[in-house]
Each structure stands twice: as structure tokens, then as C-alpha cells.
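Analysis of the macromolecular model
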Amino acid sequence: MKPLSAGSEIDAYCTKCRMDLGHRVIAMVGPAPKRVICQTCNSQHNYRAPRSEARTKTRAAAGPRAAPSGRTSPAAGRGRAEQERKSEWETRIAGKALTAFIRYSMERQFSAGDLLLHSKFGEGYVAEVLGSKISVMFRDGARTLAHKPAS
């Protein structure tokens, strides 16, 4: 490949067009292009490597996406916790007859472990009683609902 010089054509990211396009080099600093002119919109700007090339270099430099010192990433931990939560929900709910569930009402009192049927969120179980509120685990996650507290 021929070395670059002023007047050479090069692919670069155009800051006006916001695309990788053909440019003409108008200034060099050592072996690297400094300023370019877009052959599409004729705007002059500092040279920016093509986005596709920049992404490839960054990904290659980053290497495999592993967390340092063998620990799992927080996202992987959330995924595992989410799976465990769903598994727990399924074991408590699966195979239960509809009659085993209590229809949710703010006027009812619930205790931990009760199976609950909500008109919007579906089937769930009371994970924790928080005074006048209860934490209920549904298929899509935990919800805090009001209930009649113990007197």
C-alpha cells in the first residue's frame, strides 16, 4: 500500500454527514493524517478513523469480556439471581389448584408464604410482611402491595 500524503484519498468518519465516507487528506502530522475534506459534503475537519474500524480496534484491544480476577460481572450475577428467583417462584406456584390461591384485596390480611391471585399481576406468593404492606413475588418480579395489618 502506498504511504499517505497530502492529496491522498482515505476513508474517514465525516463529522457533518455522520458516516464513514471518502475523504481527501489536506494536512499530515508525521505519517498520520491531521485534516481531511469530505468528498461528499466538502466539509473540512480533523481526521477521525472510520467508525467501523475504530470499533474493531477497540473490541480487539479489549479482548474477551471477562471480569477481572475470575469474578463474574454484575450483569452475570443479576442473570443468575433472576433465574433463581424464577425457579423459586415456579416451585412454590407450580401444580397448585386455583382454589389454593387467595384473591388479593387491600381489605384482607396476608402472612408470609400465602399464595395470592392478583387481577393484574397474576399468581404470586407473599415473600415478606412489612407492616401494612406485603412484598409479593410474581412471575415478573416482586411487587409491594397494601394489606390489612394484624390488629
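Residues numbered from 1 in each chain as written. Predicted model: local features only at pLDDT ≥ 70, side-chain atom pairs only at ≥ 80, totals over all residues. Heavy atoms only, no water.

Here's the deal with the pattern of salt bridges
- All chains considered together, the criterion is met by 4 salt bridges.
- One salt bridge connects Arg 24 with Glu 9, and the closest N-O pair in it is separated by 2.6 Å. Taken together, the residues span a long stretch of sequence, with Arg 24 in strand β2 (residues 19-29) and Glu 9 in strand β1 (residues 9-14) at a distance of 15 residues.
- The exposure class of Arg 24 is partly exposed, given its relative accessible area of 33%.
- Close ionic contact of Arg 85 with Glu 82 constitutes a salt bridge, the shortest N to O distance being 2.8 Å. Separated by 3 residues within a single helix, Arg 85 and Glu 82 lie in helix α2 (residues 74-93), roughly one turn from each other.
- Take Arg 85: its relative accessible area is 13%, and that puts it in the buried class.
- Since its relative accessible area comes to 34%, Glu 82 is described here as partly exposed. (Salt bridge = Lys/Arg side-chain N within 4 Å of Asp/Glu carboxyl O. Helix = DSSP H or I, 4+ residues; strand = E, 2+ residues; numbered from the N terminus. Buried < 20%, exposed > 50% of the residue type's maximum accessible area, 1.4 Å probe, protein only.)

What to know about the environment of His 45
- You can see His 45 is positioned in strand β4 (residues 44-46).
- Spatially, the C-alpha atom of His 45 lies 5.7 Å from that of Arg 35, the residues being 10 residues apart in sequence.
- Not counting residues within four places of it along the chain, the set of residues in contact with His 45 comprises Tyr 13, Cys 14, Thr 15, His 23, Lys 34, Arg 35 and Val 36.
- Polar side-chain contacts of His 45 include one of 3.1 Å to the side chain of His 23. (Contact = heavy atoms within 4.5 Å. Polar contact = N/O pair within 3.5 Å; in protein donor to acceptor, adjacent residues only side chain to side chain.)

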